[in-house]
Number of protein chains: 2
Amino acid sequence: MANKTITSPRGFRVAAVKAGIKASGNLDLGLIIADKPCNTAGVFTTNKICSATIDVCRSHVSNGKIQAVFVNAGNANAATGQQGLEDAQTICTQIASKLNIKSSDVMVNSTGIIGHFMPMDKVAAGIDKAFDVINNSETNGLEFSQAIMTTDLTQKLAFKQIKLDGKVVKVAGTAKGSGMIAPNMATMLGFVTTDADIKPAMLKKALREVASMTFNKVSVDNHQSTNDSLIVMASGMAGNNEIAAEDENYQIFKKALWQVCDDLARQIAADGEGATCAVTVRVNSAATAKDATKAVRAIVDSPLVRTAFNGADPNWGRIVSAVGYSGAKFDLSKLTCKIAGKVVYRNGQPVKFDPATLSAKMKHPAWLVEVDLGAGQASDFCYTCDLSKGYVTINADYHT
Amino acid sequence: MANKTITSPRGFRVAAVKAGIKASGNLDLGLIIADKPCNTAGVFTTNKICSATIDVCRSHVSNGKIQAVFVNAGNANAATGQQGLEDAQTICTQIASKLNIKSSDVMVNSTGIIGHFMPMDKVAAGIDKAFDVINNSETNGLEFSQAIMTTDLTQKLAFKQIKLDGKVVKVAGTAKGSGMIAPNMATMLGFVTTDADIKPAMLKKALREVASMTFNKVSVDNHQSTNDSLIVMASGMAGNNEIAAEDENYQIFKKALWQVCDDLARQIAADGEGATCAVTVRVNSAATAKDATKAVRAIVDSPLVRTAFNGADPNWGRIVSAVGYSGAKFDLSKLTCKIAGKVVYRNGQPVKFDPATLSAKMKHPAWLVEVDLGAGQASDFCYTCDLSKGYVTINADYHT
């Protein structure tokens with residue numbers, strides 16, 4: 001089978017090593033090195049308590065060019081003050097000096113526990129080790145996806161191949177994200193490589209549009225992370241004519257980027273901490289887009305709704321009552337709710353259904369909740385999961 | 001010991017019976033009958049998907065006079081459309097005809113599952129039974145508190161005695177509330193009786209002020225109920241001079257009402273579904289009251305924060321990062337967080353502490369989280385509890 005990891009697009013080498021940052025001793029440090037500076041775009045958390053790494057990334061990507069990306073799991077380097085900032089800069093400097101590039105051509109990403117200083121000796125040794133093993137093999141691509149995992153149970157990969165100007169163009173992505181997931185920016189770590197030739201401004205535009213429809217539609221626990229970033233690097237080695245405007249090639253590329261990011265976003269929801277099912281919540285016929293979002297968020301942010309998902313309980317009362325306090329406008333005489341394809345509440349009235357049959361459908365790994373507000377034309381959606389005892393175990397027992 | 005239930009203030013008779021509405025067969029129907037029409041005030045849920053009972057209560061209390069209050073647990077009569085409204089009215093009519101009063105002098109309250117029609121035969125028989133046993137005994141007062149319980153583990157009672165114009169005035173309350181608790185109106189069922197003589201307008205004013213500082217400061221799961229109501233009935237039989245203005249007597253009465261409601265609100269938080277500890281979250285030195293509320297809500301609405309409470313884990317990173325995305329203004333160089341009396345983060349920097357000692361304190365049944373934003377003079381607080389596996393069990397296994 002062809003390599004579908006982030007080493008598949010031409011122009012990238014990748015490494016993952018065990019640096020000893022994770023207590024488990026698993027892979028916890030990764031590098032992406034491009035053969036030459038890449039057109040790069042990023043979107044980042046809007047949390048005001050953010051990791052020092054986010055400040056560094058924002059600054060370094062501002063000129064649209066990056067050659068190396070560092071990532072570690074096990075320590076978020078967040079709420080670590082001046083020391084945290086210096087540590088993030090030191091990491092960039094170490095990598096830059098090995099490549100003989102500017103430290104501003106390096107991005108640094110961290111995920112893990114908040115409020116602890118980075119174990120810099122381990123990090124430095126890990127970087128050295130990563131340079132020893134870096135290559136463009138599928139194995140390294142897979143190991144990179146493992147190195148960024150924290151409470152994730154599955155590694156997350158997505159891949160799409162398109163043709164632009166007769167040339168094969170690849171888009172490959174990987175992501176981590178399982179807890180501390182709320183839809184208000186990238187909400188996890190995501191890395192996308194592509195060999196498309198595309199101007200930085202167009203890459204940035206495509207990434208922002210795609211992020212708003214994919215990663216920003218995932219909610220596991222409505223707790224916005226301090227460290228979210230989604231980065232796309234374009235090596236330009238596919239040989240297509242450089243995308244410089246919103247032309248047909250731009251649309252084809254953007255669609256491929258959307259497919260990769262949508263795939264990863266769904267994987268993140270399905271692997272939400274403790275999740276036993278992935279649920280897409282869609283609100284239709286809202287008066288405004290803002291109203292649609294309000295209703296979606298009220299539903300997915302309700303622990304009562306999400307524990308009902310966990311119990312495979314078609315408790316539409318919880319869903320409808322969440323809409324009731326969401327602040328979204330609706331017409332009660334048209335308000336309708338569908339669970340896993342079955343109408344359970346229509347035009348403001350309960351509908352008779354067989355709970356056992358519907359409950360069986362809710363035990364499937366993925367299904368849909370649809371609510372019609374009967375107030376207009378706008379809609380929105382969110383990828384979420386159930387709230388289980390597993391979530392509580394993971395987060396009550398994960399100690400600082 | 002003196003009677004401290006809602007039958008203690010003069011002028012009220014109370015009953016509780018097993019009407020067969022709760023599947024458990026426990027007490028599930030209660031009545032409060034005053035000797036004569038009482039000055040009465042109520043505050044109700046702001047959820048637009050509300051119980052038919054809320055519409056009826058709002059309408060009936062609008063003239064400030066009520067003589068009888070009905071309550072049942074086991075069925076919320078919410079999202080039940082026109083049928084639900086007619087059922088609520090039928091209940092009022094039945095009680096009114098027995099007392100030879102207008103049905104608009106009766107209030108009706110329901111709590112339990114959403115979206116099922118009321119078992120009206122059982123309700124009618126239950127009301128008859130209640131009239132057979134109604135009296136002003138302490139036993140009936142206690143049983144009323146039990147009849148309103150759903151997933152509550154403890155019955156909730158509060159009592160305060162004051163003197164006005166040399167006369168003994170009693171204020172007694174009971175409440176239910178364990179899940180579907182968010183601070184945006186009364187957020188549960190609460191019933192307060194008093195023999196104070198106070199004009200309806202002043203009673204309404206006092207209740208609104210007190211509710212905003214007590215019941216509206218409780219959050220268990222941030223899911224606003226369809227059925228919340230808090231009702232206070234004043235029989236006037238204490239013999240004090242009627243309170244008609246915001247004078248000293250008004251202040252004394254309001255303080256007693258606040259003490260009763262604050263006591264009940266804390267009991268509700270402590271008995272939140274699955275709760276193992278009651279936590280008061282306080283945010284100080286906010287730029288505005290709105291900012292203080294935003295920061296408090298972000299903290300108490302985070303499942304990550306509340307699972308850390310459950311694990312007795314002093315994971316201040318989750319608390320501080322919730323402040324980071326709350327939208328509240330803060331000065332990072334002054335941002336400080338204290339858990340159970342211990343400073344764990346000061347002026348934007350982690351503080352060394354012994355996690356084992358602090359974790360032991362977090363295993364106490366009640367403690368405090370304090371956050372200083374360093375941005376002004378405003379503050380706010382919320383009574384909440386931890387998020388446990390017990391909460392998931394209760395709400396995943398509670399079937400429709």
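Structure's up top.
Summary of the structure given here. Values in this document were obtained by computation on a predicted structure and should not be read as measured data.

## Describing the relation of the copies chain B and chain A
When chain B is fitted to chain A, the residual RMSD is 0.1 Å, and the transformation amounts to a turn of 180° plus an axial shift of 0.0 Å. Accordingly, the operation relating the two chain copies is best matched by a two-fold axis. The C-alpha atom lying nearest the rotation axis in chain B is that of Lys-389 of chain B; the distance is 2.5 Å. A share of 98% of interface residues in chain B that are also interface residues in chain A marks the association as one of identical surfaces.

## Notes on the sheet that holds strand E13 (residues 366–372) of chain A
Residue and element names in this part refer to chain A. Here we have six strands laid out as an open sheet, ordered E12-E11-E10-E13-E9-E14, and mixed in their pairing. Edge strands, defined here as strands with exactly one partner in the open sheet, are strand E12 (349–350) and strand E14 (378–385). Taken strand by strand, helix H8 (residues 303–310) contacts strand E9 (278–286), E13 and E14, and its axis lies near 60° from that of E14.

## A few points about the nonpolar core
Formed by 42 residues in total, the largest nonpolar core has its most connected members in Phe-309, Ile-339, Val-371 and Leu-373 of chain B. In contact with Phe-309 of chain B, not counting residues within four places along its chain, are Cys-277, Val-279, Val-281, Ile-319, Met-362, Trp-367, Val-369, Thr-384, Cys-385 and Asp-386 of chain B. Judged by nonpolar contacts, the second largest core, of 41 residues, contains Val-279, Trp-316, Val-320 and Val-371 of chain A.

## Looking at the packing of helix H2 (residues 81–99) of chain B against helix H3 (residues 120–133) of chain B
Residues and elements named next belong to chain B. Across the interface, H2 lies against H3 with an axial gap of 11 Å and an inter-helix angle of 25°. Taken together, the axis directions place H2 and H3 in an arrangement best described as roughly parallel. Considering only the axes of H2 and H3, their crossing is right-handed. Residue-level inspection shows Asp-87, Thr-90, Ile-91, Gln-94, Ile-95, Lys-98 and Leu-99 of H2 in contact with H3, the latter providing Met-120, Val-123, Ala-124, Ile-127, Asp-128 and Phe-131.

## Digging into the packing of aromatic side chains
Per the stated rule, a full pass over the model turns up eight aromatic pairs over all chains. Here Phe-309 of chain A and Trp-367 of chain A contribute two aromatic rings whose centre-to-centre distance is 5.1 Å and whose plane-to-plane angle is 80°, an arrangement assigned as edge-to-face. One end of the pair, Phe-309 of chain A, is in helix H8; the other, Trp-367 of chain A, is in strand E13, and 58 residues separate them in sequence. Measuring from ring centre to ring centre gives 4.7 Å for Trp-316 of chain B and Tyr-345 of chain B, while their planes differ by 25°; the resulting arrangement is stacked. Placement of Trp-316 of chain B in helix H9 (residues 316–325) and of Tyr-345 of chain B in strand E11 (residues 342–346) is noted, with a sequence separation of 29 residues between them. Here Trp-316 of chain B and Tyr-345 of chain B have matching classes, each one buried. The ring of Phe-381 of chain A has Lys-217 of chain A sitting right over it, with the charged end atom 5.5 Å from the ring centre.

## Observations regarding the side chain of Asn-395 of chain A
Turning to its location among the elements, Asn-395 of chain A is positioned in helix H11 (residues 389–397). For Asn-395 of chain A, the contacting residues outside a window of four places in its chain are Glu-273 of chain A together with Leu-304, Thr-307, Ala-308 and Arg-318 of chain B.

## Details of a positive patch on the surface
Residues Lys-48 of chain A together with Lys-290, Lys-294 and Lys-329 of chain B make up a contiguous surface patch of positive charge. Position of Lys-329 of chain B among the secondary structure elements: in the loop between H9 and strand E10 (336–339). A relative accessible area of 52% means that Lys-329 of chain B is categorised as exposed.

## Some words on unusual backbone geometry
Apart from glycine, the bulk of residues carry a negative phi angle, and the bulk of peptide bonds sit in the trans form. Backbone geometry at Asn-77 of chain A places phi at a positive 45°, although glycine is not the residue there. Here Asn-77 of chain A lies in the loop between strand E3 (65–75) and helix H2 (81–99). Phi is positive for Ala-312 of chain B, close to 50°, though the residue is something other than glycine. The topology assignment puts Ala-312 of chain B in the loop between helix H8 (303–310) and H9. Classification of Ala-312 of chain B as buried rests on a relative accessible area of 3%.

Thresholds, definitions, all that
- Residues numbered from 1 in each chain as written.
- Chains lettered and ligands numbered in written order.
- Predicted model: local features only at pLDDT ≥ 70, side-chain atom pairs only at ≥ 80, totals over all residues.
- Heavy atoms only, no water.
- Least-squares fit on C-alpha atoms with pLDDT ≥ 70 in both.
- Contact = heavy atoms within 4.5 Å.
- Pairing = 2+ DSSP bridges.
- Helix = DSSP H or I, 4+ residues; strand = E, 2+ residues; numbered from the N terminus.
- Axes fitted to C-alpha atoms, helices over the stretch in contact; angles between N-to-C directions.
- Core = buried A, V, L, I, M, F, W, Y, C linked by side-chain atoms within 4.5 Å.
- Buried < 20%, exposed > 50% of the residue type's maximum accessible area, 1.4 Å probe, protein only.
- Parallel < 35°, antiparallel > 145°, perpendicular 65-115°, else oblique.
- Left-handed = near helix turned anticlockwise from the far one by under 90°.
- Phe/Tyr/Trp six-rings, centres within 6.5 Å; stacked < 30°, edge-to-face > 60°.
- Lys NZ or Arg CZ within 6 Å of the ring centre and 35° of its normal.
- Patch = residues over 30% accessible without salt bridge, like charges linked within 9 Å, V, L, I, M, F, W, Y side chains within 5 Å.
- Areas by Shrake-Rupley, 256 points an atom, 1.4 Å probe, with all protein chains shown as cover.
- Salt bridge = Lys/Arg side-chain N within 4 Å of Asp/Glu carboxyl O.
- Lys, Arg positive; Asp, Glu negative; His and termini not counted.
- Charge placed at Lys NZ, Arg CZ, Asp CG, Glu CD.

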